Amino acid sequence: MKNHNGKKLPGIPIKILLVDDNESNLMSMEVALETEGHVFFKATSGREALRILLKEDDFSLILLDVKMPTMDGYETAELIYQRDKLKDIPIIFITAHDYEEAAMFKGYQAGAVDFIRKPFKPEILRSKVAVFAELYKKNRLLRQQEEKLQAINHDLMVLNLDLEQRVLERTVELENLNHQLISLNLSKDQFLSVLSHDLRNPFTALLIASGRLNDDTESLSPGQIKQLSQIVHRTSNRLLDQLNEVIEWAKKQSKKANFTPEKVRLAMGIEESLELLRPNAAQKGIKLQNKTPKNILVKADPLMLRSIVQNLVTNAIKYTPQGGSVIVNAELDDDMVCVFVEDSGVGMTEEMKEKLFNEYNAPSLSGTNNERGSGLGLLLVNDFVVQHGGTIDVESAVGKGTTFKFTIPAISMT
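Residues numbered from 1 in each chain as written. Predicted model: local features only at pLDDT ≥ 70, side-chain atom pairs only at ≥ 80, totals over all residues. Heavy atoms only, no water.

1. Describing the side chain of Gln310
Considering the arrangement of structural elements, one finds Gln310 in helix H10 (residues 302-318). Classification of Gln310 as buried rests on a relative accessible area of 19%. Filtering out sequence-adjacent residues up to four positions away, Gln310 remains in contact with Ser273, Leu276 and Leu277. (Helix = DSSP H or I, 4+ residues; strand = E, 2+ residues; numbered from the N terminus. Buried < 20%, exposed > 50% of the residue type's maximum accessible area, 1.4 Å probe, protein only. Contact = heavy atoms within 4.5 Å.)

In structure tokens:
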């Protein structure tokens, strides 16, 4: 079939239901229309027509006789249109009566779209059926296009949501990178600040003392030489300690620090750390004690554990007056070990405690013998403890000393 523009429509099957109580009339309608290649279903009563419509779908047209026994065409049409899935099927009434106004009104009221009078002329029947067949095909094409459009719109919506998600993820990624860049810039600024300020003064003292030793050796007394050499020795050690702290901290900030935990006997690991610090404690007459139980095993990175202990004990020595004490102890707490570094030093205010682990506001206070530091040691300690999955806390009171507590994973003895 071609449309009014001469373009042939796709081969959509046209199903037509023929309803007439006279078999001859059914045959006549089928013969008149069979050249069009339609598919026909035939019923000799309204009830039979309804049964067919309950079983079959997608009828393009119903040719319905008006005058039938038991249930006439009008009643049949009303019952057909009571079902939602059937109400869009056009019905052409076939009638032997004249087109009286009242009859036509009743037919249209029942749902008819047209009338054909018996005896019908085949060409008129074919012409009217062709109109509705073409209309059915166009409607089917429109529905198909609408379904395709809905599918395309759904795909576009999914793609749009996916694109929005990707944009959101990329935005978050860029924001994270921006935060990292800001953090790196701040770290760089602090790193440069340490190099330019905290290390400059000790170097100046070192140069002055070594310069006097180099230039005035003959005029200096043995006592003066000893005093200057002690300044050079202490300053060199302090510089080395501070430089090591800065390097370790810088590595950590650039994510280059390696974390390789292994089984460590805690008392032994702490003792190795304290051995390096006993000379410092002895210079101030500070009693340095390791009371860690010998049977405690931990899963720790040995180098990080040493750095944690050395930093905390170094601070304890720094802020403890002559003749004081520093004690390291530990105890099991479920699957973690809590390590204590307790001193009898000057203590801290609440404000100082709040700033201890602030990466960009870490305090750097002089010790009881005017020892100075970069303020970065505790930042390293905090980072290393966190890498172990532990926590760090501090208890302190001015004039009563300070106790640092940190946790690391325990290893069962069994």
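2. Describing the environment of Glu56
Along the polypeptide, Glu56 turns up in the loop between helix H2 (46-55) and strand S3 (61-65). Glu56 gets classed as partly exposed once you look at its relative accessible area, which sits at 28%. Separated by 15 residues in the primary sequence, Glu56 and Phe41 have C-alpha atoms spaced 9.5 Å apart. In contact with Glu56, not counting residues within four places along its chain, are Lys15 and Phe41. Within polar-contact distance, the side chain of Glu56 engages the side chain of Lys15 at 3.2 Å. (Polar contact = N/O pair within 3.5 Å; in protein donor to acceptor, adjacent residues only side chain to side chain.)

3. A short note on unusual backbone geometry
Following Lys118, the chain continues to Pro119 via a peptide bond in cis, the omega torsion being -15 degrees. For Thr70, which is not glycine, the phi dihedral falls at a positive 70 degrees. Inspection of the secondary structure puts Thr70 in the loop between S3 and helix H3 (73-80).

4. Remarks on the packing of H2 against H3
Where H2 contacts H3, the axes come no closer than 10 Å and their chain directions differ by 20 degrees. On the basis of their axis angle, the class for H2 and H3 is roughly parallel. Between H2 and H3 lies a crossing of right-handed hand. Contact with H2, carried on its side by Gly46, Leu50 and Leu53, involves Thr76, Leu79 and Ile80 of H3 and no other residues of that element. Residues belonging to the contact of H2 with H3 are distributed by class as follows: four nonpolar, two polar and no charged. (Axes fitted to C-alpha atoms, helices over the stretch in contact; angles between N-to-C directions. Parallel < 35°, antiparallel > 145°, perpendicular 65-115°, else oblique. Left-handed = near helix turned anticlockwise from the far one by under 90°. Nonpolar A, V, L, I, M, F, W, Y, C, P; charged D, E, K, R; others polar.)

5. Let's talk about the sheet that holds S3
Read from one edge to the other, the open sheet built from five strands follows the order S2-S1-S3-S4-S5, with strand pairing classed as parallel. Both outer strands of the open sheet, strand S2 (39-43) and strand S5 (112-117), are each paired with one neighbouring strand and no more. Strand after strand, the sheet turns through a mean of 20 degrees between neighbouring axes, direction not considered. The pairing of strand S4 (residues 91-95) with S5 spans five bridges and is parallel. Counted as the bridge partner of Ile94 is Ile116 from S5. (Pairing = 2+ DSSP bridges.)

6. Brief notes about helix H1 (residues 23-33)
Listed in full, the buried residues belonging to H1 are Leu26, Met29, Glu30, Ala32 and Leu33. One side of H1 holds all its buried residues, which, seen down the axis, span an arc of 165 degrees. One side-chain oxygen at the N-terminal end of H1 lies 2.7 Å from the backbone nitrogen of Ser24; it belongs to Asn22. (Arc of directions from axis to C-beta.)

7. Thoughts on the pattern of salt bridges
Two side chains with opposite charge may pair up if their charged atoms get near one another. Counted under the stated rule, the structure contains 15 salt bridges. A salt bridge links Glu350 to Lys353; its shortest N-O distance comes to 3.2 Å. Taken together, the residues span about one helical turn, with Glu350 and Lys353 both in helix H11 (residues 350-355) at a distance of three residues. The exposure class assigned to Lys353 is buried, which follows from its relative accessible area of 19%. Among the ionic pairs, Glu395 bridges to Lys405, the shortest N-O distance being 2.9 Å. Of this pair, Glu395 sits in strand S11 (residues 392-397) while Lys405 sits in strand S12 (residues 401-411); the two residues are ten residues apart in sequence, bridging distant segments of the chain. Looking at Glu395, the relative accessible area reads 44%, which means it is partly exposed. (Salt bridge = Lys/Arg side-chain N within 4 Å of Asp/Glu carboxyl O.)

8. A word on the environment of Gly345
In this fold, Gly345 is placed in the loop between strand S10 (336-343) and H11. Spatially, the C-alpha atom of Gly345 lies 9.8 Å from that of Asn315, the residues being 30 residues apart in sequence.

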